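Secondary and tertiary structure notes
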Amino acid sequence: MLIAFVVLYLVVTIGIGLWAAKRVHNSKDYVVAGRSLPLYMNTATVFATWFGAETVLSVSAEFAKSGLGGIIADPFGSSFCLVIVALFFARAFYRMDLLTIGDFYRKRYGRTMELGTSVGRHVVGGDDRSVPVGDDHRRRGADRLGRRRHGGRGG
């Protein structure tokens, strides 16, 4: 029974991929669905991107260790950040025809700065959506690179 569900899942996933491949003609179609999604769907995809496996796995462990005070920045701070960016910056970014933060750096400062900041964000912050600020983010970046706070190799 389990094998049948796994096979069904794979068939459906591959079918959706083949169907979607016919509709994707360039990077804008792939990254932002040609800018044709309704607001509710954009909102859901942004929150799904921000609150993924880290929220479920690492934040729950931190909550068990430190309580609500230990995780206040993750669900609440990130949510407020998304709302603030949406209210104050999204329209300008949309007008600039940006797909990623790296696109902003390329248009504003050139290709070298785009590559430098993109690499820097991945090395220090561990992903493309956060800007490492403060001790907490530096510590998380080190954890993602495999160096644990208490010594030893990361997993």
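Keep in mind it's a predicted model, so treat the numbers as computed, not measured.

Thoughts on the overall build of the protein chain
Check the secondary structure of the protein chain and you find nine helices and zero strands. Sequence-ordered secondary structure for the protein chain, helices as α and strands as β, is α-α-α-α-α-α-α-α-α. Classification of the 155 residues of the protein chain by burial places 12% in the buried group. Looking at the protein chain alone, contacts between residues at least 24 apart form 36% of all its contacts between residues at least 6 apart. Carbon and sulfur atoms form 68% of the exposed surface of the protein chain, whose accessible area is close to 11,800 Å².

Here's the deal with the packing of aromatic side chains
Considering all chains together, one arrives at four aromatic pairs under this definition. With 6.0 Å between their ring centres and 50 degrees between their planes, Phe93 and Phe104 make a pair best called tilted. Here the residue Phe93 occupies a position in helix 6 (residues 90–95), and Phe104 occupies one in helix 7 (residues 101–109), the gap between them amounting to 11 residues. Since its relative accessible area comes to 22%, Phe104 is described here as partly exposed. Three or more aromatic residues joined by ring pairs form one cluster here, namely Phe89, Phe93, Phe104, Tyr105 and Tyr109.

Some details on the side chain of Thr117
Topologically, Thr117 is positioned in helix 8 (residues 111–125). From its side chain, Thr117 meets the backbone oxygen of Met113 in a polar contact 2.8 Å long.

Describing unusual backbone geometry
Of note in this structure, Asp97 is not a glycine but carries a positive phi near 60 degrees. Topologically, Asp97 is positioned in the loop between helix 6 and helix 7.

Topic: a nonpolar patch on the surface
Where nonpolar side chains cluster on the molecular surface, the patch consists of Phe63, Leu68, Ile72, Phe76, Phe80, Val83, Ile84, Val85, Leu87, Phe88 and Phe89 and spans about 1,100 Å² of accessible area. Element by element, the count of residues in the nonpolar patch is highest for helix 5 (residues 73–88), at seven residues. Topologically, Leu68 is positioned in the loop between helix 4 (53–66) and helix 5. According to the relative accessible area criterion, Leu68 is partly exposed, its value standing at 48%.

With respect to the pattern of salt bridges
A complete count under the given rule lists four salt bridges for this structure. Lys65 is the salt-bridge partner of Glu62, the closest N and O atoms lying 3.6 Å from each other. Remark: Lys65 and Glu62 occur in helix 4; sequence separation between them is three residues, near one turn of the helix. Salt-bridge contacts for Arg111 lead to Glu114; the nearest nitrogen and oxygen are separated by 2.8 Å. Taken together, the residues Arg111 and Glu114, both in helix 8 and three residues apart, mark about one turn of the helix. One network of salt bridges, in which partners are shared, links Asp103, Arg106, Arg111 and Glu114.

Concerning the environment of Met113
Relative to the assigned elements, Met113 resides in helix 8. Spatially, the C-alpha atom of Met113 lies 8.6 Å from that of Gly102, the residues being 11 residues apart in sequence.

Parameters at a glance
Sequence order as written defines residue numbering, which begins from 1 separately in each chain. It should be noted that, the model being predicted, local features are given only for residues of pLDDT at least 70 and side-chain atom pairs only at 80 or more, the latter also being counted only at that level, while totals for whole chains, interfaces and linings use all residues. To get the side-chain values, all heavy atoms of the structure are used, and hydrogens and water are removed first. Secondary structure counts use DSSP, requiring at least four H or I residues in a row for a helix and at least two E residues in a row for a strand, with both numbered from the N terminus. Only protein chains enter the accessibility calculation, which uses a 1.4 Å probe; a residue whose area is less than 20% of its type maximum is buried, one above 50% is exposed, and one in between is partly exposed. Two residues form a contact once any of their heavy atoms are found within 4.5 Å. Residue burial considers only the protein chains on display, and all accessible areas are found by Shrake-Rupley using a 1.4 Å probe. Stacked, tilted and edge-to-face are the three classes applied to pairs of Phe, Tyr and Trp rings, where Trp contributes its six-membered ring and a pair requires centres within 6.5 Å; stacked means planes under 30 degrees apart, edge-to-face means over 60, and tilted covers the rest. Polar contact criterion, stated in full: a pair of N or O atoms within 3.5 Å, where within protein one must be able to donate a hydrogen and the other to accept it, and residues adjacent in sequence count only if both atoms are side-chain atoms. Excluding any residue in a salt bridge, patches collect residues exceeding 30% relative accessible area, merging like charges within 9 Å and nonpolar Val, Leu, Ile, Met, Phe, Trp and Tyr side chains within 5 Å. By salt bridge we mean one thing: a side-chain nitrogen of Lys or Arg within 4 Å of a carboxyl oxygen of Asp or Glu.

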